[in-house]
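# Structure assessment
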Amino acid sequence: MPPDPILLAAVRWVEKLPANGLARCRALFTTHPEYSDISPTQYDAAYRWLDECGLLHDSEDALSDGRRVFRAALLAGDVHWFLDADLYVRKPAELPIDAGRAAAILGLSELQAYQEVHAVRGKVDAVERSRIGTAGETALAELLSSSTAAKIEHVAAHSDGYGYDIAVHAGLRSLYIETKATTRRNRLTIFLSRREYEEMQHNPLWQLVVLRLTDELTINAIGSVASSWIETQIPDDRGPYGRWESCRIDVPAEQAASGIPRLAPLLSPAASPLL
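Residues numbered from 1 in each chain as written. Predicted model: local features only at pLDDT ≥ 70, side-chain atom pairs only at ≥ 80, totals over all residues. Heavy atoms only, no water.

### Quick word on the nonpolar core
Our working rule: Among buried residues, the Ala, Val, Leu, Ile, Met, Phe, Trp, Tyr and Cys ones that are joined through side-chain atoms within 4.5 Å form a nonpolar core. Residue exposure (1.4 Å probe, protein chains only): buried if accessible area is under 20% of the type maximum, exposed if over 50%, otherwise partly exposed. Secondary structure counts use DSSP, requiring at least four H or I residues in a row for a helix and at least two E residues in a row for a strand, with both numbered from the N terminus.
Counting 38 residues, the largest nonpolar core has Met1, Trp13, Val69, Phe70, Leu74 and Trp81 as its most contacted members. Of all the secondary-structure elements, those providing two or more residues to this core are α1 (4-20), α2 (22-31), α3 (40-53), α4 (65-75), α6 (97-105) and α7 (110-147). Of the residues forming this core, the biggest block, eight residues, is contributed by α1. In terms of nonpolar packing, the next biggest core, distinct from the first, is built from 22 residues, Leu144, Leu211, Leu213 and Leu266 among them.

### Examining the confidence of the model for the chain
We count it as follows: pLDDT is defined as a per-residue confidence score from the predictor, taking values between 0 and 100.
Per-chain confidence: the chain averages 91 in pLDDT, with 99% of residues scoring 70 or above. Summarising per-element confidence for the chain, the mean pLDDT is lowest in helix α5 (residues 85-88) (82) and highest in helix α9 (residues 227-231) (97).

### Considerations on the pairing of strand β3 (residues 173-182)
What counts is decided by this rule: Strand pairing follows a simple DSSP-based rule, namely that at least 2 bridges must link the two strands.
Taken across its 10 residues, β3 has eight buried, putting it largely inside the fold. For strand β2 (residues 166-170) and β3, the ladder comprises five bridges, and the chain directions are antiparallel. Bridged to Ala170 within β3 is Arg173. Between β2 and β3, which pair antiparallel one after the other, the connecting turn spans two residues, and Gly171 there sits at a positive phi close to 65°. As defined by bridge partners, β3 adjoins strand β5 (residues 206-213) across seven bridges and the pair is classed as parallel. Across the sheet, residue Thr182 finds its bridge partner in β5, namely Arg212.

### Overview of the packing of aromatic side chains
Our working rule: Aromatic rings from Phe, Tyr and Trp, taking only the six-membered ring of Trp, are treated as a pair when their centres fall within 6.5 Å; an angle between ring planes under 30 degrees marks them as stacked, one over 60 as edge-to-face, and anything in between as tilted. Any Lys NZ or Arg CZ found within 6 Å of a ring centre and within 35 degrees of that ring's normal is scored as a charge over the ring.
Using the criterion set out here, one finds eight aromatic pairs in the structure. Ring centres of Phe29 and Tyr43 lie 4.4 Å apart, and the angle between their planes is 5°; this geometry places the pair in the stacked category. Of this pair, Phe29 sits in helix α2 while Tyr43 sits in helix α3; the two residues are 14 residues apart in sequence, bridging distant segments of the chain. This pair shows no difference in class: Phe29 is buried, exactly as Tyr43 is. Cluster of aromatic residues (ring-pair linked, three or more members): Trp13, Phe29, Tyr35, Tyr43 and Tyr47. Across the ring face of Phe191, the terminal group of Arg129 is positioned such that the distance to the ring centre comes to 4.0 Å. The lysine or arginine in question, Arg194, covers the ring of Trp244, its NZ or CZ lying 4.8 Å from the ring centre.

In structure tokens form, the structure reads like this:
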């Protein structure tokens, strides 16, 4: 999080700039006693920070000024806990100290700051999961194509309605692979859709394959997770009017068998050792 004076100066810029313009704001901040608690240098630093964040050109946002600055601070890239916020910030009282301090400076309640943390992280996570997931599917389809004579279909490239991403066909032997990819080193969290789960339930040839990717999005580890274990992690629909559509599962490392053992009979002698 930026230092306190920068955050306070930033929210003042965001509040005053649209109606007053740059020169008038600068004069106001450097001459009026009400704003003299922050130095001109700090006001300039806050202005540059807002410019780098793109907030100076985002005046149409319906959020309050405080929320906009808080959101920009979360997205600035140097908040070390932000990517694990879903794990460590599960209620307002668990907000990290720097987030609580920033919220107070920007006029946000603890609850508002908590809501912002999870709203922003949810959007960032969805975009990142899509990018990494697509890269993982593509990389595995290519690796399979070079490691076996079986026919490889990257079905997810055409539709996400199959309940799996890659189909492998070799005579009477087939496998339907649902991939989940991550670049994280210390945790493996997957999101299983209802459609994927139903395919798992009814198709014995369905296989969940988890991929650990490098920062350059190449595969450096492959694991297979048993459907029988997944089944034990799935919640029940408890009433006739509600049902889950997506389930988050934290997969322990010991639940991922190395490679894709079910494909072993199909691999060529020169197949990748990752498989």
